[in-house]
Amino acid sequence: MVLPFLGGGRDKPGPLDYTRRWWMRGVMALALVFLYAPIAILVTYSFNDSRRTIVWRGFTTDWYVAAWNNDRLFEAFTNSLLIALAATVLATVIGTMLAIALWRFRFPGKAAVEGGVALPIVIPEICMGVAMLVFFARIGWPTDLPWPFNLSAITIAHTAFCFPFVTLVVRARMVGFDRSLEEAAKDLGAGEWQTFRDVILPYLKPGIIAGALLAFTLSLDDFVITFFTSGPETVTFPVLVYSMVRFSVTPEVNAASTVLIVITALVTVLAMTLQRPQKLADGG
Amino acid sequence: MIHKTGTRLDSWKSNKILFAILSLPALFWLVVFFLIPLGFVWVLSFGEKQGIIDIDITGTFANYGRAIDSLYLSILWDSLGIAAATTLICLVVGFPIAMAINFAPARWKPVLLLLIILPFWTNLLIRTYALIAVLRSQGYINGFFEAIWQTVFDGLAALGIDPVPILGPWFEPFDLLYNQGAVIYGLVYVHLPFMVLPLYAALERLDRSYLEASLDLGAGQWRTLFAVTVPLAMPGILSGVIITFIPALGTFLTPNLLGGPDSQMIGNVIENQFKSANDWPFGAAMSFLLMYVTFGVLALRALLADRGARRSHGEAAG
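Residues numbered from 1 in each chain as written. Chains lettered and ligands numbered in written order. Predicted model: local features only at pLDDT ≥ 70, side-chain atom pairs only at ≥ 80, totals over all residues. Heavy atoms only, no water.

1. Notes on the overall build of chain B
Each helix and strand counted, chain B has 14 helices and three strands in total. The globule rule puts the C-alpha radius of gyration for 318 residues at 20 Å, and the 26 Å found for chain B is more than 25% above it. Along the first, second and third principal axes, the C-alpha set of chain B runs to 95 × 70 × 35 Å. Looking at the 318 residues of chain B, the share that counts as buried comes to 47%. (Helix = DSSP H or I, 4+ residues; strand = E, 2+ residues; numbered from the N terminus. Rg over C-alpha atoms; globule rule 2.2 N^0.38 Å. Buried < 20%, exposed > 50% of the residue type's maximum accessible area, 1.4 Å probe, protein only.)

2. Examining the overall build of chain A
A tally of helices and strands in chain A yields 12 helices and one strand. The helix and strand sequence of chain A, counted from the amino end, reads α-α-α-α-β-α-α-α-α-α-α-α-α. Relative to its 284 residues, chain A shows a buried fraction of 52%. Long-range contacts, defined as pairs at least 24 residues apart, comprise 71% of the intrachain contacts of chain A with a sequence gap of at least 6. Accessible surface computed for chain A: about 13000 Å², of which carbon and sulfur atoms make up 67%. (Contact = heavy atoms within 4.5 Å. Areas by Shrake-Rupley, 256 points an atom, 1.4 Å probe, with all protein chains shown as cover.)

3. Points about the state of the cysteines
Residue and element names in this part refer to chain A. Inspection of the entire model under this criterion finds zero disulfides over all chains. Left without a disulfide partner, C127 is nearest to the cysteine sulfur of C162, which lies 18 Å away. C127 gets classed as buried once you look at its relative accessible area, which sits at 1%. (Disulfide = S-S within 2.5 Å.)

4. What to know about the interface of chain B and chain A
In this complex, chain B contributes 93 residues to the contact, which on the side of chain A involves 98 residues. When the buried surface of chain B facing chain A is broken down by residue, B:W29, B:W121 and B:Y129 rank first, second and third, together holding 9% of it. At the boundary of chain B and chain A, one finds two salt bridges. The residue A:R179 makes a salt bridge to B:D10 at a minimum N-O spacing of 3.4 Å. Take the side of chain B that touches chain A: its biggest share by element is 20 residues, from helix α1 (residues 16–44) of chain B. Pairing between strand β1 (residues 105–106) of chain A and strand β1 (residues 10–11) of chain B: two bridges, direction parallel. (Buried area = accessible area lost by both parts, 1.4 Å probe. Salt bridge = Lys/Arg side-chain N within 4 Å of Asp/Glu carboxyl O. Pairing = 2+ DSSP bridges.)

5. Concerning the nonpolar core
Ranked by size, the top nonpolar core spans 176 residues in total, and within it A:I126, B:F95, B:I101 and B:F274 carry the most contacts. Among the elements that make up this core, the one with the highest residue count is helix α8 (residues 180–205) of chain B (14 residues). Discounting residues that sit within four places of it in the chain, B:F95 has contacts with B:C90, B:L199, B:L203, B:L225, B:T229, B:V230, B:A233 and B:I237. (Core = buried A, V, L, I, M, F, W, Y, C linked by side-chain atoms within 4.5 Å.)

6. Here we look at the environment of B:P96
Considering the arrangement of structural elements, one finds B:P96 in helix α3 (residues 70–102). A C-alpha to C-alpha distance of 29 Å links B:P96 and B:G259, two positions 163 residues apart in sequence. Setting aside residues no more than four positions away along its own chain, B:P96 makes contact with A:W23, A:M24 and A:V27.

7. Focus: the packing of helix α4 (residues 71–104) of chain A against helix α7 (residues 152–174) of chain A
Residues and elements named next belong to chain A. Two elements in contact, α4 and α7, have axes separated by 6 Å at closest approach and are oriented at 40 degrees. In terms of their interaxial angle, α4 and α7 are classed as oblique. Of the two elements, α4 crosses α7, and the hand of that crossing is right-handed. The residue inventory of the contact of α4 with α7, partitioned by class, reads 17 nonpolar, seven polar and one charged. (Axes fitted to C-alpha atoms, helices over the stretch in contact; angles between N-to-C directions. Parallel < 35°, antiparallel > 145°, perpendicular 65-115°, else oblique. Left-handed = near helix turned anticlockwise from the far one by under 90°. Nonpolar A, V, L, I, M, F, W, Y, C, P; charged D, E, K, R; others polar.)

8. Some thoughts on the pattern of salt bridges
On inspection of all chains with the given rule, the structure shows 11 salt bridges over all chains. Its salt-bridge partner being A:R104, residue B:D10 comes within 3.0 Å of it at the nearest N-O pair. Taken together, the residues span two chains, with B:D10 in strand β1 and A:R104 in helix α4. Across the pair A:E182 and A:R179 runs a salt bridge, and its minimum N-O distance is 2.9 Å. Of this pair, A:E182 and A:R179 both sit in helix α8 (residues 179–187), three residues apart, which is roughly one turn of the helix. Several salt bridges share partner residues, and in doing so they unite A:R104, A:R179, A:E182, A:K186, A:E192 and B:D10 into one network.

9. So, a nonpolar patch on the surface
Residue and element names in this part refer to chain B. A grouping of W42, V43, I57, Y292 and F295 is seen on the molecular surface, where their side chains present a nonpolar patch of about 450 Å² in accessible area. Among the secondary structure elements, those contributing two or more residues to the nonpolar patch are α1 and α14 (280–317). As for its placement among the helices and strands, Y292 is situated in helix α14. (Patch = residues over 30% accessible without salt bridge, like charges linked within 9 Å, V, L, I, M, F, W, Y side chains within 5 Å.)

10. A look at helix α6 (residues 125–138) of chain A
Residues and elements named next belong to chain A. In this model, α6 (14 residues) spans 20 Å end to end at C-alpha, consistent with the 20 Å of a helix rising 1.5 Å per residue. Of all 14 residues in α6, 11 are buried, a share of seventy percent or more. Within α6, the full set of buried residues consists of I126, C127, M128, G129, V130, A131, M132, L133, V134, F135 and F136. Among the residues trailing α6, G140 stands out with phi positive, at a value near 70 degrees. (Expected span 1.5 Å × (residues − 1).)

11. Observations concerning the environment of B:D69
All names here are of chain B. Positionally, D69 belongs in the loop between α2 (62–67) and α3. In this structure D69 comes out as partly exposed when scored by relative accessible area, which is 38%. Between the C-alpha atom of D69 and that of N179, which follows or precedes it by 110 residues, the distance is 24 Å.

12. Some points on the packing of α7(A) against helix α9 (residues 192–221) of chain A
Residue and element names in this part refer to chain A. Two numbers describe how α7 lies on α9: the axes approach to 8 Å, and their chain directions differ by 145 degrees. The hand of the α7/α9 crossing is right-handed. Between α7, through H158, F161, C162, F165, V166, V169, V170, R173 and M174, and α9, the contact on the second element is made entirely by I200, Y203, L204, P206, G207, I208, A210, G211, L214, A215, L218 and S219. Taken together, the residues of the contact of α7 with α9 sort by class into 16 nonpolar, four polar and one charged.

13. So, the side chain of A:T167
All names here are of chain A. Within the secondary structure layout, T167 lies in helix α7. From its side chain, T167 meets the backbone oxygen of G95 in a polar contact 3.1 Å long. Discounting chain neighbours no more than four positions away, the residues touching T167 are G95, L98, A99, L102 and V117. (Polar contact = N/O pair within 3.5 Å; in protein donor to acceptor, adjacent residues only side chain to side chain.)

14. Some thoughts on the confidence of the model for chain B
In low-pLDDT regions, the fine details of the predicted coordinates are not to be read closely. In this model, chain B carries an average pLDDT of 85, and 95% of its residues clear a pLDDT of 70 or more. The ipTM assigned to the predicted complex is 0.83, against a pTM of 0.84. (pLDDT = per-residue confidence, 0-100.)

15. Overview of the packing of aromatic side chains
A full pass over the atoms with the stated rule returns 38 aromatic pairs over all chains. Geometrically, the ring pair formed by A:F223 and A:F227 is stacked, given 5.1 Å between the ring centres and 25 degrees between the ring planes. Judged by relative accessible area, which is 3%, A:F223 ranks as buried. When its relative accessible area of 11% is taken as the criterion, A:F227 is described as buried. Measuring from ring centre to ring centre gives 5.1 Å for B:W42 and B:F46, while their planes differ by 80 degrees; the resulting arrangement is edge-to-face. By relative accessible area, B:W42 is classed as partly exposed at 39%. What makes B:F46 buried here is its relative accessible area of 13%. An aromatic cluster is defined as three or more aromatic residues linked by ring pairs; in this entry it consists of A:F135, A:F136, A:W141, B:F28, B:W29, B:F33 and B:F40. Seen from the ring of B:F282, B:R66 lies directly overhead, with NZ or CZ sitting 3.9 Å from the centre. (Phe/Tyr/Trp six-rings, centres within 6.5 Å; stacked < 30°, edge-to-face > 60°. Lys NZ or Arg CZ within 6 Å of the ring centre and 35° of its normal.)

Here it is, written out as structure tokens:
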């Protein structure tokens, strides 16, 4: 990766121009190589015309076709996307509503609710995964439901760990809201719902979208919690990759991984672009 | 977190219906699908296994007793050590990265920041899987060294020197995978963005005139770094350490895929109890031990942050 500013100017760097010191640039460049090389290699070799993945034998898109035609892989991929979509909708709705409630009201036990909502974010993933396993086993949640209802347990678990992130993001956006706007709307005769729809919601929109995209990537990425929640017959993409990695590494998995990387990268860049105008508007 | 609007909050009694509509769905989800499941695990940790699937809740502490038994205690210590090493490496590597981004030209900052964060959004499993391809004995690092070895081997042969006594008859690949080093490498790979972000945020808030003053008054770069920059960035360092240490400690996937027998962490023990070993009460106890350690670290952090805040207030007042 070549970054133009790494080329640098000819004049001597000032005392605080740390970025223009060669060793700082070296650290930065090494870090980027460290972070990107494995992913770049994976993507490159998804186009390699060879089953043995180390030697380059020419460009091909065969593995993408193979991945597309691999029923199990396709099913797992569809499941992952479906779960992510459903969990995102649920988490965004309930997470946003809670954020508004926390912003607007004082009530007894508020600190406990705030702490409780932070809990899914801080506890180790495996503890949550184990809790979901025990919970669904104990209440006897049916594991043999027809598709897509066999994804319900995973969706419920994903919603549980995604909505606190939505609440966090939306609430951060809410802090900058000027309540006199709301009062003005009410003085001018708008009801509770109309004020919400025409004043609060448009203001919150970037926060809600950012929260939703965050929830989507978190759900799509999740392995540990899904691993414990999914029944023997239900596979998501990460769970399938996990079972495949333990036996052999095939270029189809590289191809499917590349597709997933592209999807998440697009979603992330979209989320960041959506958040930036907000920061400018806040003067940050 | 700052609550600017703290004085202007409505009482929930002013509009009970709206309050209920807004807060109850999320609270229901939190209680039913998070707190109650955790409660199940907690109760389970005081149970005893009676048969293959029968578990009696007898109120025993035997599971916890077993968990702090020598074997499992040493795994816990190993986990703490691996997580600590990961955090330290992330801090040492992350600090110059955060500095470089912070002092980069304004238009480059968001790009560099995005470049550091983006891998974090790539699926954890895919990244770990990509590392296997890099580290394994027919992987890219060994392939690179093998190519060098081959060149030297051929070079010596061309010079008429027998290379076999010096280099051996074939290339011996390095054991880079399935050991503790691989686990730490994988954890650093996954958690570096966690460390860089809070460090960057702290450095961004830092008033550069302090650094200029320090340099003007004759302190060198290193002295300025350790006497001015690091203390001022301490809240960010603390956040970065916590945010790296906690997930590294509770990790399961990285040691599972990259580790060997010497590098099992507490997460693997928990997984093993719930899957193949099928001893849920013991797994539940281990799981809660891990949570207690996590909460202990968070409490320590709150304590330190509180003391730091008080000290800086004291300085401002005095």
